[in-house]
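What follows is each chain in one-letter form.
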Amino acid sequence: MAVSVHAPPRRDHERARGTRIRAWPENRPIDATYHLGFLATEIAVRCLFSQHISAADMGEVVAGMETLMDWVGRVGLGPMGTRAAGLPTPLNRRFRRSLRSLHGIVGRSIDGRHGCAQPVDDLLEVLLAARDTATGLLPGDQQVRDEVLACMMAGADATTHTLAWALYLLGRHPDVLTRLRQETDTALGDRAATVDDLPKLPHTGQILAETLRLYPPGYLLSRRTKTEICTGGYTLPAGVTVAYSPWAQHRDPKLFPDPLAFTPDRWAGRHLSTSARDVYLPFGTFERARQRGPVRPDANVGGQQASPTRPAAT
Ligand code: HEM
């Protein structure tokens, strides 16, 4: 991979992305998950290490991410768990090849950064400079590489599926699409949005919030109990894994009237109750959510969201 010290101007990336999207065929089906996966991975890669990454490497990153996610779903979270990882199956072999290739690409980027005199404004720079709060030590390259890969996987996958579901819902609700177009035309014209534009795009935000309500990419999350807790008539001992489903919570008719309807306006003003906002957890909750990912600041939920796994002793 060619690592240049100066990142190509942002507008070049935007132009390249615009050209690719305009190349999507009109009025014919496209594999939205594939195309959006490419787009989301590319954006995640640019945020993580803003330097140039060749088209060939980018293709390898996208394909590698797809293999890694496939492996996590079918092997890592499969019935035998990681015990099946050592078997010489085609998926395990593809997984190892992809991991080697991703390690190579990210590793070369880290090496390039060590030789770079000027500070760069991206996440890799932040990770390389992050000192352990207890020891004051800088992280090793391998740790940084693993964090970068975790961010690439977590960031690109969730974003891809959110955007794919948003397109699906917009395709079925042309009235919402028309409003979206009007809003973006007024706020942006034909330029790409920046963070500063977000206040001018309230309807766009509501469409994404409603997409994440109906189709949260993290539809089943888990936590381990630190202490014994009693909730909903059940006692959960310390140290057990508790699963909860944002997907199910988001469809509770008591909190979200007409829960299966795609209604971005429900996010306007104060339509939703505080309880509804409390169970809305597309980005998860607790410590992780506070540390990582784009989190709603008002996401706040107590133990009552946990799915009890065993009845209280009577
Ligand atoms: C629509 C966008 C996104 C959604 C819906 C989403 C959702 C989530 C959820 C549900 C979790 C699990 C949290 C939990 O267990 O409580 C998570 C974890 C995480 N997310 Fe996101 N996320 C998004 C975008 C991103 C982006 C853009 C990044 C990074 C650039 C990112 C990085 C992470 C990381 C590093 C984790 C922790 C992974 C781990 O420890 O295994 N996410 N995200």
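From a predicted model like this one, the values you see are computed outputs, not experimental measurements.

(A) Local environment of the environment of Q206. Here Q206 shows up in helix 8 (residues 202-214). Overall, Q206 belongs to the partly exposed group, with 19 C-beta atoms counted inside 10 Å. Once the C-alpha coordinates of Q206 and R266 are considered, the two residues, 60 residues apart in sequence, prove to be 8.0 Å apart. For Q206, the residues in contact, after removing those within four places along its chain, are P264, D265, W267 and A268.

(B) Layout of the nonpolar core. Formed by 28 residues in total, the largest nonpolar core has its most connected members in A44, V45, L48, V148 and M152. Going through the elements one at a time, helix 2 (32-48), helix 3 (55-76), helix 4 (90-114), helix 5 (123-129) and helix 6 (141-172) are the ones with two or more residues in this core. Among residues more than four places away in sequence, those in contact with V148 are L48, V106, L124 and L127.

(C) Focus on helix 3. Over its 22 residues, helix 3 extends 29 Å from the first C-alpha to the last, a length consistent with the 32 Å expected when each residue adds 1.5 Å. Those residues of helix 3 lying buried are D57, V61, G64, M65, E66, L68, W71 and V75. Looking at the packing, one finds that the buried side of helix 3 touches helix 2, helix 4 and helix 6.

(D) Representation of the packing of helix 4 against helix 6. Relative orientation of the contacting elements helix 4 and helix 6 amounts to 120°, with a least axis distance of 10 Å. On the basis of their axis angle, the class for helix 4 and helix 6 is oblique. Considering the relative orientation of helix 4 and helix 6, their crossing is right-handed. Between helix 4 and helix 6, the residues in contact are L102, H103, V106, G107 and I110 and D141, V144, R145, V148 and L149, respectively. Counted by class, the contact of helix 4 with helix 6 contains six nonpolar, two polar and two charged residues.

Cut-offs used in this document
Residues numbered from 1 in each chain as written. Predicted model: local features only at pLDDT ≥ 70, side-chain atom pairs only at ≥ 80, totals over all residues. Helix = DSSP H or I, 4+ residues; strand = E, 2+ residues; numbered from the N terminus. Buried ≥ 20, exposed ≤ 12 C-beta atoms within 10 Å, placed from the backbone. Contact = placed C-beta atoms within 7 Å. Core = buried A, V, L, I, M, F, W, Y, C linked by C-beta atoms within 7 Å. Expected span 1.5 Å × (residues − 1). Axes fitted to C-alpha atoms, helices over the stretch in contact; angles between N-to-C directions. Parallel < 35°, antiparallel > 145°, perpendicular 65-115°, else oblique. Left-handed = near helix turned anticlockwise from the far one by under 90°. Nonpolar A, V, L, I, M, F, W, Y, C, P; charged D, E, K, R; others polar.

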